[in-house]
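Structure assessment
Each chain is listed here by its residues.
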Amino acid sequence: MQLKEKIDRLLDEARKIKLASEEEAEKYRIRLLGKKGEMNALFEAFKTVEPELKKEIGQSLNQLKNAVQESLLKAKEGLEQSARNAEADAFDLTRPVEDEIGHRHPLSLVREEIYRIFGKIGFDISDGPEIEDDWHLFTALNFSPEHPARDMQDTFFVEKNGGVDDVALRTHTSSVQIRVMNSHKLPIRTLCPGRVYRNEAVSARAHCFFHQVEGLYVDKGVSYADMREVLLYFAKEMFGNDTRIRLRPSYFPFTEPSAEMDIACSICGGKGCALCKGTGWVEILGCGMVDPNVLRNCNINPEEYSGFAFGMGVERIANLLYRVNDLRLFSENDKRFLAQF
Ligand code: PHE
């Protein structure tokens, strides 16, 4: 019986066939399953099979069809696997590195220098979450609900109902200061480093995230003069011993009085240039005496304790030290940039 023999022959072939390339597999598929292929011809012939043989022939036809499909699937999997193997072979993990050892990111270098400088005068390091609630980000920091200062820092909200339960990507690490004041014994001398997020269009001068190091000092009898001395010490350590600073009055909801600190432009030495826009000064941080309301929100008695806080952008300090003129370079991971540090 010719039909049955043909089916068996093809079945045997399907079980043994080795399809070593995509082309071979495709040729086989067309020969067997194509419109004018063997399977269709067999199904056509099947129509004329005597009724008593229909069951048996039908079964072997289905068997054949399954076997063909299976061999194609196996070939496909095998080919994919060997492609993956070839790809893996292209990476020789045992190859020795060629004078290219890893090194620190410029922002890490600057951040660590900040740690070192403040570490010398007793500041430790505190950590907190990047996703924060409204209480730690704003309310405990003396931002009143309708206060326009909430818009000062264009916030990425995760959940917004308009209350202290709102959740957002932190816009500053002052939130960590609240956590520290809530949970640590006094006195407090700590740095709060970390990534912060603000809804700004990405350009050479602004980014939707950047890195801060904020600091907090709370003890009995801490004065504005203490703050000025500490920040002057920092500026001298960071930018050189003859660095001059000035404090300009400013506003932050959580400090009173508040100031912004400038250093005499490190490029022109104060004469005026493009970096300082002709003013001779460049701003490097915000600071101020912790507002009594903030202390009270953290159950610290402002009659007994006082403190100062400051916050700086690590990118800004890095820009001044290394003259990087495009913020985006810090997060692009371009080796040509990173290799320079
Ligand atoms: N949190 C402020 C900011 O992100 C910086 C700051 C910190 C200012 C502490 C004063 C005191 O802009």
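Thresholds, definitions, all that
Residues numbered from 1 in each chain as written. Predicted model: local features only at pLDDT ≥ 70, side-chain atom pairs only at ≥ 80, totals over all residues. Heavy atoms only, no water. 1 Å grid on protein atoms, 1.4 Å probe; cavity = no way out; pocket = protein on both sides within 12 Å on 5 of 7 lines; lining within 4 Å. Points joined across faces, edges and corners; volume = space filled by probe spheres on them. Nonpolar A, V, L, I, M, F, W, Y, C, P; charged D, E, K, R; others polar. Pairing = 2+ DSSP bridges. Helix = DSSP H or I, 4+ residues; strand = E, 2+ residues; numbered from the N terminus. Contact = heavy atoms within 4.5 Å. Axes fitted to C-alpha atoms, helices over the stretch in contact; angles between N-to-C directions. Near = heavy atom within 4 Å. Polar contact = N/O pair within 3.5 Å; in protein donor to acceptor, adjacent residues only side chain to side chain. Sits in = over half its atoms within 2 Å of the grid points. Expected span 1.5 Å × (residues − 1). Core = buried A, V, L, I, M, F, W, Y, C linked by side-chain atoms within 4.5 Å. Buried < 20%, exposed > 50% of the residue type's maximum accessible area, 1.4 Å probe, protein only. Domains from an automatic or database assignment.

1. Some points on empty space enclosed by the protein
Once rolled over the atoms, a probe with the size of a water molecule shows which space is left empty. Applying the stated criterion across every chain, the model contains two cavities of 30 Å³ or more. Approximately 50 Å³ is the volume attributed to the largest cavity. Each residue belonging to the lining of the largest cavity can be placed in one class, and the counts come to seven nonpolar, two polar and no charged. The computed volume of the second largest cavity comes to approximately 40 Å³. Residue lining of the second largest cavity: His207, Phe209, Glu315, Leu327, Phe330 and Ser331, and that is the complete set. Its residues assigned to classes, the lining of the second largest cavity comprises three nonpolar, two polar and one charged.

2. Describing the sheet that holds strand S9 (residues 281-290)
Taken in spatial order, the seven strands make up an open sheet running S1-S5-S6-S10-S9-S8-S7, and their pairing is mixed. Of all strands in the sheet, those bounded by a partner on one side alone are strand S1 (124-125) and strand S7 (245-252). Inspection of the sheet shows S9 paired to strand S10 (residues 306-313) by five bridges, in the antiparallel sense. Counterpart to Gly288 in the pairing with S10 is Ala309. Packing of helix H5 (residues 106-119) onto the sheet brings it into contact with S1, strand S5 (188-197), strand S6 (209-219) and S10, and relative to S5 it is tilted by some 165°. Along the sheet, helix H11 (residues 314-322) contacts S6, strand S8 (255-264), S9 and S10; its crossing angle with S10, the most-contacted strand, is approximately 60°.

3. Overview of the site of the ligand
Taken together, 14 residues sit near the ligand, with His172, Ser174, Arg198, Gln212 and Glu214 positioned nearest. Between a nitrogen atom of the ligand and a side-chain N or O atom of His172, the distance comes to 3.0 Å. Within the contact set of the ligand, a nitrogen atom lies 2.8 Å away from a side-chain nitrogen or oxygen of Glu214. Judged by the fraction of its atoms near the pocket grid, the ligand is located in the largest pocket. At the level of secondary structure, the elements contributing two or more residues to the shell around the ligand comprise S6, S9 and S10. Considering every element that reaches the shell around the ligand, the biggest residue donor is S10, with three residues. Taken together, the residues of the shell around the ligand break down into five nonpolar, seven polar and two charged.

4. Quick word on helix H2 (residues 22-33)
End to end, H2 covers 16 Å across twelve residues, agreeing with the expected 16 Å (1.5 Å per residue, within 8%). Residues of H2 that are buried in the fold lie against helix H1 (2-16), helix H3 (38-46) and helix H4 (51-90).

5. Side note on the nonpolar core
With 44 residues, the main nonpolar core has Phe118, Phe234, Ile284, Leu285, Phe310 and Met312 as its most contacted residues. Those elements that place two or more of their residues in this core are H5, S6, helix H9 (224-239), S8, S9, S10, H11 and helix H13 (335-338). In contact with Phe234, other than residues within four places in its own chain, are Ile114, Ile117, Phe118, Ile284, Leu285 and Met312. One finds Phe138, Val180, Ile188 and Cys192 within the second-largest nonpolar core, a separate group that totals 23 residues.

6. Here's the deal with the sheet that holds strand S4 (residues 167-169)
Across the sheet, three strands lie side by side as S2-S4-S3; this open sheet has antiparallel pairing. Looking at which strands have only one partner, the edges of the open sheet turn out to be strand S2 (131-133) and strand S3 (157-159). Averaged over all pairs of adjacent strands, the angle between strand axes in this sheet comes to 35°, irrespective of strand direction. Two elements, S3 and S4, share two bridges in a ladder whose sense is antiparallel.

7. As for the domain arrangement of the protein chain
With domains assigned, the protein chain is organised as domain 1 (2-90) and domain 2 (106-130 + 171-338). Here the C-alpha centre of domain 2 lies 71 Å away from the C-alpha centre of domain 1.

8. So, the pairing of S9
Consecutive residues of a regular strand have side chains that alternate between opposite faces of the sheet. The buried count for S9 comes to eight of ten residues, which makes it a mostly enclosed element. In the sheet, S8 pairs with S9 via eight bridges, with the strands oriented antiparallel. By the bridge assignment, Ser258 is partnered in S9 with Gly288.

9. Looking at unusual backbone geometry
With omega at -5°, the peptide bond leading from Leu186 into Pro187 counts as cis. Inspection of the secondary structure assignment puts Pro187 in the loop between helix H8 (174-183) and S5. The omega torsion of the bond from Glu256 to Pro257 falls at -5°, within 30 degrees of zero and hence cis. As for its position among the elements, Pro257 is in strand S8. For Arg323, which is not glycine, the phi torsion reads 55° and is therefore positive. In this structure, Arg323 sits in the loop between H11 and helix H12 (329-332). Classification of Arg323 by relative accessible area gives partly exposed; the value is 47%.

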